[in-house]
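Listed below, chain by chain, are the residues.
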Amino acid sequence: MIQVIDVTKRYGQHVAVDHVNFTVEKGEILGFLGPNGAGKTTTMNIITGYISATEGTVKVDGFDILEEPEEVKKRIGYMPEFPPLYMDMTVQEYLDFVSDIKKIDRATKKKSMEKIMDLVKIGHVRNRLIKNLSKGYKQRVGLAQALIGTPPVLILDEPTVGLDPKQIIEIRSLIKELGKEHTIILSSHILPEVSAICGRVIIINKGRIVASDTPENLSKRLSGTGRLSLRVAGPEKQVLKLIREIEGVKNAEAQGVKEPGTVDILVEAEKDIDVRRPLFYALSRAEYPILYMRSVDLTLEEIFLQVTTEEREVS
Amino acid sequence: MLAVFKRELKAYFASPTGYIFMGFFLLISGIFFALSNLLTASPNYLSVLSSITFVFLIVVPILTMRLMSEESRQKTDQLLLTSPLSVTGIVLGKYFAAVMVFLLTLLITCLYPIILSFFGTIAVWEIVGGYIGFFLLGAAFISIGLFISSLTDNQVIAAVVTFGALLFIWILDWIIGGIPTDRVSGIVFACALVVGVAALVYFTTRNIFVSAVIAVIGFGIVAGIYFANKYFFDGFIVRTLEWFSLLSRYETFMMGILSLSPIVYYITFSAVFLFLTVRVIEKRRWS
């Protein structure tokens, strides 16, 4: 659906986006992750045709942004980081204007506007001036604007920034819902958000793609060893000794006491060896009951730090 | 284009801008009408039209300062530029909205000659011609304001620079009177123009080779003209500056003459500035 081909953007000496390549399939929700100033917004601005790339090009649905910009723009709904709202218009006037510039058929305009206002729940503020709306509502109007004309591709730049927790959850579930019909690219620097919504994540740092995979795969690929976290009722020393004697355990470390009479332990196992059963039997034989045991994947935060620091070491 | 036009027109009257423009314009023209027509019992309405042209210096910046600068400040240009509209369509929509506000104001002032006609005979066609000239002059000024508004995202700067540019055009005829007309200064000025163009090319493309070639070709043309026709450079500066003299073209309308060349001139002038505005917006996307 979207092909980003060797896109580079230079501002004088500064390289904001450096030979970025990726494709997004139809119906995919792609997360765009990176620290501030990594080039997320710049890449999105290039895909939507707001700015032009110094080198490379973008194709949407087979249309090239340089050769047929209008065809590309028709297929994209863009919600920039700061929603482009006219403060002196009411919500209804604004959406009406957006429908006009997106060349929506007059006959279907009214109906589709109603549908979108229902979807993002702004129907009850339709006659209020946009400048009097709260930040959360402005954000929703921004999203409504992107949805007008039901473009097959949605590009959302930090859609939940500045919202309260309840609104964030609402917007997230809305995006998930939209993902059934639209191809979505979403940028964020909030990691749990991306792992909650997106089927695939691209991590970008200093204008370059440093990792691209599903959130689960990224976590697995980078973790290397299997890690387990467990809580055992028993004295720390004996428990640790027992665990370290088990075959396949590389390391075991106490993580402190969170419940009286118990100890929390982090176990690192050799790659491809499942130590959960031997652990269970060894501890139960010694009558130290396991209160819980779960495997620990690297969180996206850790992955993020890892790939961005690796990148720093290379460059 | 139509959508942008409608939105801009509404925005003028949803904010004080449109009312300030109209109010100020009508106040000044009303004062001049009362002083030079009513109180002196004179039917010469064209003199009012010609003496209120100075009002453009103040009201055109009010009308145009917001047009493009506010879009980039509020980031709403992101909406326009990522929609399937052409940049030309956006610029034209905005230009015609500003011209429309001006035209509406002008239509209200048509009351003045109608009032005059109750008390005597007035030269109807001369006044119609005068209005055409007045309208075209205002439209040309608006195109300058729109262009300047596209250069900055600060309304105040846009207004001040527009005022300065209009003031320059205002005193241009007076400046021309003091410019040397001899051959040497004409050649120096031509060479300075060539250097200026080459420098502009260098700063936009950062390509020293291309700008050097342009400079060489430019000097070649200057030399060629010099050997072909020495007299070309006599008064060259004056002739160049006269291209920008919007007001001297206006005088023919005020004499009651309606000729084609000033009309074409004003329309071309506006078109050039609209084209430059489109280029500025396009270029910002590339840099």
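Residues numbered from 1 in each chain as written. Chains lettered and ligands numbered in written order. Predicted model: local features only at pLDDT ≥ 70, side-chain atom pairs only at ≥ 80, totals over all residues. Heavy atoms only, no water.

Caption draft 1: Representation of the pairing of strand 1 (residues 2–11) of chain A. All names here are of chain A. As defined by bridge partners, strand 1 adjoins strand 4 (residues 55–60) across five bridges and the pair is classed as antiparallel. Within strand 4, the residue paired with Ile2 across the bridge is Val60. Bridge count for strand 1 against strand 2 (residues 14–24) is seven bridges, and the pairing is antiparallel. Its bridge partner being in strand 2, Arg10 is matched across the sheet by Val15. The antiparallel hairpin formed by strand 1 and strand 2 contains two residues in its connecting segment, where Gly12 sits at a positive phi of about 65°. (Pairing = 2+ DSSP bridges. Helix = DSSP H or I, 4+ residues; strand = E, 2+ residues; numbered from the N terminus.)

Caption draft 2: View of the layout of surface pockets. Empty space within the largest pocket amounts to approximately 670 Å³. Lining the largest pocket are 35 residues; nearest its centre among them are Asn45(A), Tyr50(A), Ile51(A), Lys75(B) and Gln78(B). Residue composition of the lining of the largest pocket, grouped by class: 14 nonpolar, 13 polar and eight charged. (1 Å grid on protein atoms, 1.4 Å probe; cavity = no way out; pocket = protein on both sides within 12 Å on 5 of 7 lines; lining within 4 Å. Points joined across faces, edges and corners; volume = space filled by probe spheres on them. Nonpolar A, V, L, I, M, F, W, Y, C, P; charged D, E, K, R; others polar.)

Caption draft 3: Structural detail: the packing of aromatic side chains. Applying the stated criterion across every chain yields a total of 30 aromatic pairs over all chains. With centroids separated by 5.1 Å and ring planes inclined at 35°, the aromatic side chains of Phe56(B) and Phe134(B) adopt a geometry described as tilted. Here Phe56(B), found in helix 4 (residues 55–64), pairs with Phe134(B), found in helix 9 (residues 124–149); they are 78 residues apart in sequence, far enough to count as distant. Residue Phe56(B) shares its accessibility class with Phe134(B), and that shared class is buried. An aromatic cluster of three or more residues is present, and its members are Phe21(B), Phe25(B), Phe56(B), Phe102(B), Phe134(B), Phe135(B), Phe141(B) and Tyr250(B). The ring of Tyr137(A) has Arg140(A) lying over it, and the distance from NZ or CZ to the ring centre is 5.0 Å. (Phe/Tyr/Trp six-rings, centres within 6.5 Å; stacked < 30°, edge-to-face > 60°. Buried < 20%, exposed > 50% of the residue type's maximum accessible area, 1.4 Å probe, protein only. Lys NZ or Arg CZ within 6 Å of the ring centre and 35° of its normal.)

Caption draft 4: Representation of the domain arrangement of chain A. Under the domain assignment used here, chain A contains domain 1 (2–220) and domain 2 (222–295). Distance between the C-alpha centres of domain 1 of chain A and domain 2 of chain A: 45 Å. (Domains from an automatic or database assignment.)

Caption draft 5: View of the sheet that holds strand 5 (residues 63–64) of chain A. Spatially, the four strands line up as an open sheet ordered 2-1-4-5 (chain A), and their pairing is antiparallel. Edge positions in the sheet fall to strand 2 and strand 5 of chain A, since each has one partner strand and no second.

Caption draft 6: Summary view of the nonpolar core. Ile2(A), Phe22(A), Tyr94(A) and Leu246(B) are the most contacted members of the largest nonpolar core, which totals 143 residues. A per-element tally of this core places helix 9 of chain B first, with 13 residues. Ranked by size, the runner-up nonpolar core spans 18 residues in total, among them Val249(A), Ala269(A), Val275(A) and Tyr288(A). (Core = buried A, V, L, I, M, F, W, Y, C linked by side-chain atoms within 4.5 Å.)

Caption draft 7: The sheet that holds strand 14 (residues 290–295) of chain A, seen in detail. All names here are of chain A. Taken in spatial order, the four strands of this open sheet run 12-13-11-14, and their pairing is antiparallel. One side of each edge strand has no neighbouring strand; the edge strands of this open sheet are strand 12 (249–254) and strand 14. Going from strand to strand, the sheet's axes swing by 20° on average, the running direction of each strand aside. Where strand 11 (residues 226–233) and strand 14 come together, five bridges link them in antiparallel fashion. By the bridge assignment, Leu228 is partnered in strand 14 with Ser295. Of the strands in this sheet, strand 11, strand 12 and strand 13 (262–269) touch helix 9 (residues 236–245), which is tilted by about 170° from strand 12. (Axes fitted to C-alpha atoms, helices over the stretch in contact; angles between N-to-C directions. Contact = heavy atoms within 4.5 Å.)

Caption draft 8: Expanded view of the interface of chain B and chain A. Taken together, the contacts link 23 residues of chain B with 31 residues of chain A. Roughly 2,500 Å² of surface becomes buried between chain B and chain A when both sides are summed, with 61% attributable to carbon and sulfur atoms. The three residues of chain B that bury the most area against chain A are Arg7(B), Leu79(B) and Pro84(B), which together make up 28% of that side's buried surface. For the pair chain B and chain A, the number of links is two salt bridges. Between Asp88(A) and Arg7(B) there is a salt bridge, and its shortest N-O distance comes to 3.6 Å. (Buried area = accessible area lost by both parts, 1.4 Å probe. Salt bridge = Lys/Arg side-chain N within 4 Å of Asp/Glu carboxyl O.)

Caption draft 9: Up close: the domain arrangement of chain B. When the domains of chain B are assigned, the result is domain 1 (2–177 + 244–286) and domain 2 (183–234). The C-alpha centroid of domain 2 of chain B is placed 34 Å from the C-alpha centroid of domain 1 of chain B.

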